[in-house]
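Read off the chains here:
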Amino acid sequence: MAAWDLSVTVEELGPEAPPLKVSVTSDLHIGGVILKIVEKTQIKKDWSDHALWWEQKQQWLLRPSWTLEKYEIHADARLSLTPQHKPLRLGLPNGTTLRLQACFSRPVFQTVMGVCHLLNLRHPEELSLLRPMEVKKKKKDKEAEEEVVYDLTGLRTSSGSAHTLSNGMPMHFADSLQTEAVYKMLSVSLPAPAPETITKMPRTTSLVDKAQVHSRWLDSSRSLLQQGVQEHDRLLLRFKYYCFHDLDPKYDAVRLTQLYEQARWAILLEDVDCTEEEMMLFAALQYHIGKVSLSEPQPMTSCPAMDDLDSALQCLEVKMEAEESITADMLVSSSESEKAIRTLLTCKPIFCLRIGCEVAPDVSVAGQKFCIRLLIPGAEGMNEVYLRCENELQYSRWMAACRLASKGKTLADSSFSSEVQNIQSFLAMQRTNPGANTAQTDDSINTYSLVSPRYHKKYKAKQLTPRILEAYQNVAQLPLTDALLRFLQIWQGLPDFGVSYFVVRFKGCRKDEVLGVTNNRLIRIDLSIGDVVKTWRYNTMRQWNVNWDIQQMAIEFNGNVNIAFSCVTATCKIVHEYIGGYIFMATRTKEQAEVLNQELFFKLTGGHEAI
């Protein structure tokens, strides 16, 4: 077989060094090529992390037993011998920027797994990498000068899924005072940001702006280098899927803190809408969490009040799993349509919930608004219905009943009373307490650091301070863990929580619309006015597929309901990955908490590019 020269650039020789030429034959395997290159460099070092990158094809050659012929590599190929792990700057939800070694050769999903293992973040499938928003050059240069980067490139973890902990800290962080300090920053909430920091941050003021954010997610099925990410580039690590599985403060100090920080910034930057009353409660909880976090940190352990953390942090929109027949104060299953649901009055009428109904609160204690939002599945999608209660007690009982019914339980269940008490406690937190002791001075609370810029313009600080301190009296006694969980629970109860937006064009329509993707349904939204047009649940989905040639997604639901759309602000791959990812999240169980089925994830999210 004839020999020919192959040109290979070797990163260790420097950027100005010419490519090395090695004599090869088509039946030479990739491992043999690397051996020839290493021998020719005469550099003695550990080359085990190096691999060949094919520039023209944007492809890693990771199968050492494959031959050049099998890879279809010819003399005109431009190859590079480069490390698979390279330094990457990673921005976390709390604003901390880390420099660490990340894998540039494996799919992003596996790269995130490696990063999360290093940072002691369980359930990496819930997170992914996001490109930062582009900024003007002058501003970017200024920010780059001011950015503080904490170097963790020297950290090495042991193999296995779990870390050995020392005082609640992974052993590899306990090697030095510097790394210990970094871990504390990751696992303990940072002080509230300065008001000017909040006002300068970019905000998503429209559905189109929000859709642009979700167009920046990296493809989980492809590597960093395949997507143009270079050594020392900056990416953002964020929770992408709003399904927080098996959250346990005993093991999830970093995860809980970073989740809280992502939620806090979502509130401060108005990524999700909330009422003024809710904003004051969020501010009070931030104030309390900040005060408690400043004290000497204690090990994050579970408490009796939050033993069932899955329940405490579950999305408040829940699936109807069974039909339960009850009268008066009890729900009655029926095959009738949503017309059978009547406004809730003191006469205690019977009303109907169909299988697949979702339940969520719509409450304002100050405004004496106590409503329950129901999403009722119909033949062509979901229909929204509101139930109105007259007072807190009535709301608490009906909300508890709805939640129990959604789990296939009746009012005879022993948990009914405790469910009512939990709801009443939640309402009490939003109730102002004028008689409470608010002796703190105006200077004791940095008011504008705790609320979104809208309230900077609407109120003076001295007007906001007493309102925040009144709300603070209701949460002042909460332990740190409970306060964090309570913040997340209220965040999850907001109407816009967990919705990822995409501008799309539905087949047969002449105007753009918005598709909202959540953990259990798709939402069709009118772009001009923001109203919900239709909702389709995943559990009624029969199949979905993508025509990659024309970049159009088609979905078939029960009842011969078919939709098709093309994506405007993002690729169909991102939407496809979101849907498949949420379906994957629904397959997880407590028993499989430490086992991640990567093959299933790629099968559901990868499309035609799945590994």
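Residues numbered from 1 in each chain as written. Predicted model: local features only at pLDDT ≥ 70, side-chain atom pairs only at ≥ 80, totals over all residues. Heavy atoms only, no water.

Asks: I keep staring at the overall build of the protein and nothing clicks. Help me out?
Replies: For the protein, the helix and strand inventory stands at 17 helices and 24 strands. The buried share among the 611 residues of the protein stands at 52%. Restricting to contacts in the protein with at least 6 residues of sequence separation, those with at least 24 account for 65%. When the accessible area of the protein is evaluated, it comes to approximately 28800 Å², of which 49% is carbon and sulfur surface. (Helix = DSSP H or I, 4+ residues; strand = E, 2+ residues; numbered from the N terminus. Buried < 20%, exposed > 50% of the residue type's maximum accessible area, 1.4 Å probe, protein only. Contact = heavy atoms within 4.5 Å. Areas by Shrake-Rupley, 256 points an atom, 1.4 Å probe, with all protein chains shown as cover.)

Asks: Mind showing me how you'd approach the packing of helix 8 (residues 253–268) against helix 15 (residues 480–492) here?
Replies: Contact geometry for helix 8 and helix 15: axes closest at 10 Å, N-to-C directions at 45°. The angle between helix 8 and helix 15 falls in the class oblique. Considering only the axes of helix 8 and helix 15, their crossing is left-handed. Between helix 8, through Leu256, Leu259, Tyr260, Ala263, Arg264, Ala266 and Ile267, and helix 15, the contact on the second element is made entirely by Thr481, Leu484, Leu485, Phe487, Leu488 and Trp491. Of the residues in the contact of helix 8 with helix 15, the class split is 11 nonpolar, one polar and one charged. (Axes fitted to C-alpha atoms, helices over the stretch in contact; angles between N-to-C directions. Parallel < 35°, antiparallel > 145°, perpendicular 65-115°, else oblique. Left-handed = near helix turned anticlockwise from the far one by under 90°. Nonpolar A, V, L, I, M, F, W, Y, C, P; charged D, E, K, R; others polar.)

Asks: Help me understand helix 1 (residues 30–41), please; the structure alone is not making it clear to me.
Replies: Structural remark: α-helix, 3.6 residues per turn; residues separated by three or four positions point the same way. The end-to-end C-alpha separation of helix 1 is 17 Å, in line with the 16 Å expected for 12 residues at 1.5 Å each. Those residues of helix 1 that fall on the buried side of the exposure criterion are Ile30, Gly32, Val33, Ile34, Ile37, Val38 and Thr41. On the buried face of helix 1, the contacting elements are strand 1 (4–10), strand 2 (20–24), strand 3 (50–54), strand 4 (59–61), helix 2 (68–71) and strand 5 (78–83). Gln42, located one to two residues past helix 1, shows a positive phi value of around 60°. (Expected span 1.5 Å × (residues − 1).)

Asks: Before we go on, may I ask you to explain the sheet that holds strand 24 (residues 561–567) in this structure?
Replies: Note: strands within a sheet are paired through backbone hydrogen bonds, in either parallel or antiparallel orientation. In spatial order, the strands read 21-20-19-18-24-23-22; together these seven strands make up an open sheet with antiparallel pairing. Only two strands of the sheet have a single partner each, and these edge strands are strand 21 (532–537) and strand 22 (541–547). For this sheet, the mean inter-axis angle between neighbouring strands, taken without regard to orientation, is 30°. Where strand 20 (residues 521–525) and strand 21 come together, five bridges link them in antiparallel fashion. (Pairing = 2+ DSSP bridges.)

Asks: Looking at this structure, I do not really get the environment of Pro64. What am I missing?
Replies: With respect to the helices, strands and loops of the structure, Pro64 is situated in the loop between strand 4 and helix 2. Separated by 13 residues in sequence, Pro64 and Ala51 place their C-alpha atoms 9.0 Å apart.

Asks: I keep staring at the side chain of Glu277 and nothing clicks. Help me out?
Replies: With respect to the helices and strands, Glu277 occurs in helix 9 (residues 276–294). In this structure Glu277 is buried but unpaired, with Arg467 as the nearest side chain of opposite charge at 7.7 Å. Other than its neighbours up to four places away in sequence, Glu277 contacts Ser364, Val365, Ala366 and Gln430. (Lys, Arg positive; Asp, Glu negative; His and termini not counted. Salt bridge = Lys/Arg side-chain N within 4 Å of Asp/Glu carboxyl O.)

Asks: Mind showing me how you'd approach the nonpolar core here?
Replies: Nonpolar side chains in soluble globular proteins tend to end up buried together. The biggest cluster of nonpolar side chains holds 114 residues, and the ones touching the most others in it are Leu119, Leu224, Trp491, Ile555, Phe565 and Ile579. In terms of residue count, the dominant contributor to this core is helix 9 (nine residues). Residues in contact with Leu119, not counting those within four places in the same chain, are Leu92, Leu98, Leu100, Leu152, Phe173, Tyr183, Leu186, Leu237 and Val254. By size, the runner-up hydrophobic cluster in this structure holds 23 residues, among which are Val22, Val38, Tyr71 and Leu81. (Core = buried A, V, L, I, M, F, W, Y, C linked by side-chain atoms within 4.5 Å.)

Asks: Please clarify how the sheet that holds strand 6 (residues 85–91) should be interpreted in this entry.
Replies: Strand order in the open sheet formed by five strands is 8-12-6-7-9, and the pairing between neighbours is mixed. What marks the edges here is a single partner per strand, and that holds for strand 8 (127–130) and strand 9 (149–151). The sheet shows a mean angle of 45° between the axes of neighbouring strands, direction not considered. The sheet contact formed by strand 6 and strand 12 (residues 234–239) spans three bridges and is parallel. Among the inter-strand pairings, Gly91 is bridged to a residue of strand 12, identified as Leu236.

Asks: What is the right way to read the packing of aromatic side chains from this model?
Replies: Each aromatic ring pair is specified by the distance between its two centres and by the angle formed by the two planes. For the structure on display, the rule yields 24 aromatic pairs. When the centroid spacing of 5.0 Å and the interplanar angle of 50° are considered together, the rings of Phe173 and Tyr183 count as tilted. One end of the pair, Phe173, is in the loop between strand 11 (169–170) and helix 5 (177–187); the other, Tyr183, is in helix 5, with 10 residues separating them in the sequence. On the accessibility criterion, Phe173 (0% relative accessible area) is buried. Among the residues examined, Tyr183 registers a relative accessible area of 4% and is labelled buried. For the pair Tyr260 and Phe487, a centre-to-centre distance of 4.9 Å together with 80° between the ring planes defines the contact as edge-to-face. One end of the pair, Tyr260, is in helix 8; the other, Phe487, is in helix 15, with 227 residues separating them in the sequence. Comparing Tyr260 with Phe487, the two get one shared label, buried. Its end group placed over the ring of Trp47, Lys45 keeps NZ or CZ at 5.6 Å from the ring centre. The lysine or arginine in question, Lys240, covers the ring of Tyr578, its NZ or CZ lying 4.9 Å from the ring centre. (Phe/Tyr/Trp six-rings, centres within 6.5 Å; stacked < 30°, edge-to-face > 60°. Lys NZ or Arg CZ within 6 Å of the ring centre and 35° of its normal.)

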